[in-house]
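# Examination of the molecular architecture
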Amino acid sequence: MSLLTRKHKRRGAFLAVILIALAAATFLMLRAFNENLLFYFLPTQVKEGQAPKNHDFRMGGLVLKGSIKKDGLTVHFEVTDLHNSIPVVYKGILPDLFHENRGVIVEGRMTGPDLFTADQVLAKHDAKYQPPEMTPAMKKYMQTH
Amino acid sequence: MVAETGHFALILALLVALVQATVPLIGAQRRDAALMAVAGPAAIVQFLLAAAAFFALMYCYVTSDFSVLNVAQNSYSNKPLFYKITGVWGDHEGSMLLWELILTGYAAAVALFGGKLPQGLRTRALAVQSMVSFSFLLFILLTSNPFLRLVPAPLNGQGLNPLLEDPGLAFHPPILYLGYVGFSMAFSFAIAALIEGKVDAAWAHWIRPWSLAAWCFLTLGITGGSWWAYYTLGWGGWWYWDPTENASFMPWLAGTALLHAATVVEKRGTMKAWTVLLAIITFSLSLLGTFLVRSGVLTSVHSFATDPQRGVYILTLLGVVIGGSLALFGLRAPSLKSGALFAPVSREGGLLFGNVFLSAALGTVLLGTLYPLFADALNLGKVSVGPPFFNATFVPIMIPVCIAMPVGALLAWKRGNLQLALKRLLPAFLVAAALAVCVALLMAGQGRFITAAAAVALAAWILVGMLTGLAQQIHFREVPFKTSLQRLLKLPRTFHGMTVAHIGMACVILGITGSTLGRVQNIQIMHIGDTVHISGFDVTLKKVRDDIKGPGYTFSRGTFDVSSHGKPVTVMYPEKKHFTVPPEDTTHAAIRTTLLGDLYVVLAGHDAKGGYITRIYYDPFVVWIFLGGGLFAAGGLLSITDRRHRVGAPQRNNEAAPERKTS
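Just so it is clear, the model here is predicted, and its values are computed rather than measured.

Turning our attention to the sheet that holds strand E2 (residues 520-526) of chain B. Residue and element names in this part refer to chain B. Taken in spatial order, the 4 strands line up as E2-E11-E10-E9 in an open sheet, and their pairing is antiparallel. Edge strands, defined here as strands with exactly one partner in the open sheet, are E2 and strand E9 (590-593). The mean inter-strand angle of the sheet, taken between neighbouring strand axes irrespective of direction, is 10 degrees. Both E9 and strand E10 (residues 597-606) contribute to a ladder of 4 bridges, which runs antiparallel. Within E10, the position partnered with arginine 592 by the bridge is leucine 599.

Encoded structure:
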């Protein structure tokens, strides 16, 4: 076997390794993608029925003022985008940054026509945080409240 | 006045940067020694100016000069001095200034300590570094000027987010940036080498200490950040695959690949183009990370600044840097021919294997991090890619890397003997298998016990495998013990560094496995006197004191007695702080750390009926994650201190003619 062909064979082997790695990565990625994408909706979109019925999703907005009710480890509150609000129930400990009138993201699903059951509540570091869609309305709201 | 002086220093630095980015480069092309000599002093002056601006801002913070907008927004006169100082980089403007300071600091270090480098390469690298610096100075002056005045000055500031008021976090950004920005040096050397059209073993040797230093800092920064999240956020989580975390993790992955690839260039003179490309990619990912964090395009638990104008600027910069350097790379890469033969079964083959998989893993993280951006831009809806995605893609891709790690380390350069290597690794295999069986039997029936057994086996395989490599180097048990010991001391530090860092990987695997598969947690309402049983511990709530006064906050402190089988173990005091400016609560978990596992107690608040909401975890082996991270950095440090980097650094064969044809 000449040196050249051996060299080519080796190059072929490398290419094979790289292709296999790429294929494996792509396969894993696509599979994981389908299962793990979480879509994000505002309460209005949820009201309009845009959110998936039997799949987890995320809902973002502000914690409606005066809506927080705690009963032991169970917390009820409403998430609002200033047009509509959706009641949320969560069992567990809320993050420190969870406050009335602050941005919040809840992860979970609709468990009733008008009830969102959250597995996870994420509050923002940033007091200035707000979902981008509602910025103008937000600003007005924050000035008046 | 001080603020204006700082502002002025920044403008001067911008002008010096412009000179340093152009004059030496023209000099290098024309081989004009006088023009080239500008680079070194310019780099030092630029660093001093950046330092002057930085300390001017620090002075404004320390003296609580609220007529400076940035100080008014982020500080408070009652704040302890320590946090006034660290508050300088607690916000966007200050942290960008720190970025710039470190960027110029690396350039100044090359100017001062890079005497061994050939003049052409050093000059060009300093010029490229200065181009980056120029862009950042412009960015700071145009969009993020920390010295803007506020009229009228308020009586007091708005305070720093109290979450950031933590000694661990105070030092987190500087260390992280030393890593992030440090890769700019590797980038500058890569671009300089592309301009020169010359990449060789000596080049790989020169970029090594700079890349290693950056990598060590980045490792420490990521580990420290992870540890901070673990003990501060009160969730006991140490990694969330949050965009901000990924932003620092991606350059780390690329940097890890770069270090390994550069070894191949240094030892075998192959994989040149790939190494240069990695240097470009690593720094581009650092810039991308800055963009992701600073622009606020991704919703993250971390990002504390959002401003589209800044995002657009950094994105443009990113486009120019990536586009420009890749174009240059495309132009010059064909000339980077490698001379040597490349056998698949060899040390370099093993390193290439690791590189391919690391890059694939990097690709998945990149995709998962950026996908929400693309989806939003293409109107596919607002999505987030959660931790399950990363766990399902990143982890399986890393497994072959870990399996191959000890094998590759045992193969010789040029042409290895796979059979011999595997034979030597038989003890490692047996230990791993035995441990796997033990773990499987111990945990049988509990969910995912097979995964746990496999992961523990993998950790053992790496540990024993790396020790086997060491034993082979010192001819352990083949020669008298004393001779072995002498050989051990004489081994190059790079070898020790490699062994230590790879053993760190074994520790990280152990920690991640213990914490993700073995964690037990209880959330409950406790009254005084209640006891919770967890993993062999009895945790009893003794008392809670409310409204204790602290500087700038009040706090509640719980007292929990911990005993095990009737014997007292320790007393734990978790706290909850209530800040007044800005009004925030922070949770301070009490953690009892041992090598076997952490007991983690959180006092989360009251319920309406006089009970206390508590969260109690037992996290097996979690501390090994942070110890492993420490070992990574220790390994890197050992490698930097290798004597080859200090004396007798390799000289290019044709040192007399450092300039090569450039076109």
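Having seen the model, we can carry on.
We now examine the pairing of strand E6 (residues 103-112) of chain A. In regular strands, side chains alternate between the two faces of the sheet. Residues and elements named next belong to chain A. Examined bridge by bridge, strand E2 (residues 57-63) and E6 share 6 bridges and lie antiparallel to one another. Within E6, the residue paired with arginine 58 across the bridge is glutamate 107. Bridge count between E6 and strand E7 (residues 115-123): 8 bridges; the pairing is antiparallel. Counterpart to glycine 108 in the pairing with E7 is alanine 118. If you look at the hairpin formed by E6 and E7, you'll find 2 residues sitting between the two strands.

Moving on: the interface of chain B and chain A. Listed by partner, the interface residues are 40 residues for chain B and 29 residues for chain A. Counting residues per element, the ones that place at least two in the side of chain B that touches chain A are helix H13 (347-377), strand E1 (382-385), helix H14 (387-410), E2, strand E8 (584-588) and strand E11 (612-620) of chain B. Looking at the side of chain B that touches chain A, the element that brings in the most residues is H13 of chain B, giving 7 residues. Within the side of chain B that touches chain A, the residues separate by chemical class into 24 nonpolar, 11 polar and 5 charged.

Let us look at the pairing of strand E5 (residues 553-564) of chain B. All names here are of chain B. As paired elements, strand E4 (residues 537-550) and E5 share 10 bridges and run antiparallel to each other. Bridge pairing in E5 links aspartate 538 to serine 563. Remark: 2 residues form the turn of the hairpin made by E4 and E5, two consecutive strands paired antiparallel; glycine 552 in that turn has positive phi of roughly 85 degrees. Summarising the sheet, E5 and strand E6 (residues 567-572) pair through 5 bridges and their orientation is antiparallel. Each bridged residue has a counterpart across the sheet, and for serine 564 the counterpart in E6 is lysine 567. A loop of 2 residues connects E5 with E6, the two strands running antiparallel in sequence, and histidine 565 in this loop sits at a positive phi of about 50 degrees.

The next thing to look at is the domain arrangement of chain B. Splitting chain B by domain gives domain 1 (1-165), domain 2 (222-408), domain 3 (409-519) and domain 4 (523-623). Just the C-alpha atoms count here: the centres of domain 1 of chain B and domain 4 of chain B sit 43 Å apart.

Right, let's talk about the environment of threonine 290 of chain B for a bit. All names here are of chain B. By the secondary structure assignment, threonine 290 is in helix H11 (residues 272-295). A count of 24 C-beta atoms within 10 Å places threonine 290 in the buried class. Between the C-alpha atoms of threonine 290 and glycine 311, which are 21 residues apart in sequence, the distance is 9.3 Å.

Residues and elements named next belong to chain B. Relative to each other, helix H16 (residues 426-443) and helix H17 (residues 449-473) sit at 155 degrees, their axes nearing to 8 Å. Regarding the angle of H16 to H17, the classification is roughly antiparallel. The element H16 and its partner H17 pack so that their crossing is right-handed. From H16, Pro427, Ala428, Phe429, Val431, Ala432, Ala433, Leu435, Ala436, Val439, Ala440 and Met443 reach across to H17, where they touch Phe449, Ile450, Ala452, Ala453, Ala454, Val456, Ala457, Ala460, Trp461, Val464, Gly465 and Thr468. In terms of residue class, the contact of H16 with H17 is built from 21 nonpolar, 2 polar and no charged.

Bringing unusual backbone geometry into the picture now. Residue and element names in this part refer to chain B. A cis amide bond links valine 151 with the next residue in sequence, proline 152, at an omega value of -5 degrees. Among the secondary structure elements, proline 152 is positioned in the loop between helix H7 (119-143) and helix H8 (167-196). The phi torsion at serine 64 lies on the positive side, around 50 degrees, for a residue other than glycine. Given 17 C-beta atoms within 10 Å, serine 64 falls into the partly exposed group. Positive phi outside glycine occurs at histidine 565, with the angle close to 50 degrees. Mapped onto the secondary structure, histidine 565 falls in the loop between E5 and E6. Assessed through the 8 C-beta atoms surrounding it within 10 Å, histidine 565 is described here as exposed.

Calculation rules
For every chain, the first residue of the written sequence is number 1, and numbering continues from 1 along that sequence. Each chain gets a letter, beginning with A, and each ligand a number, beginning with 1, in the order they are written. Given that this is a predicted model, residues contribute local features only at a pLDDT of at least 70 and side-chain atom pairs are listed and counted only at 80 or more, while totals for whole chains, interfaces and linings are drawn from all residues. Strand pairing is assigned whenever DSSP identifies at least 2 bridges connecting the two strands. Secondary structure elements follow DSSP: runs of H or I of four or more residues count as helices, runs of E of two or more count as strands, with numbering from the N terminus. Only the stretch in contact is used when fitting a helix axis, every axis being a line fitted to C-alpha atoms; angles between N-to-C directions are given from 0 to 180 degrees. It is the C-beta atoms, placed from the backbone, that decide contacts: two residues are in contact if theirs lie within 7 Å. Classification used: nonpolar for Ala, Val, Leu, Ile, Met, Phe, Trp, Tyr, Cys and Pro, charged for Asp, Glu, Lys and Arg, polar for all others including Gly. Domain start and stop points were drawn from an automatic or database domain assignment. Every C-beta atom is placed from the backbone, and the number of other C-beta atoms within 10 Å of a residue's own sets its class: buried at 20 or more, exposed at 12 or fewer, partly exposed in between. Every angle not falling under 35 degrees, over 145, or within 65 to 115 is termed oblique; those three ranges are roughly parallel, roughly antiparallel and roughly perpendicular. Each crossing gets its handedness from the near helix: less than a right angle anticlockwise from the far helix is left-handed, clockwise is right-handed.

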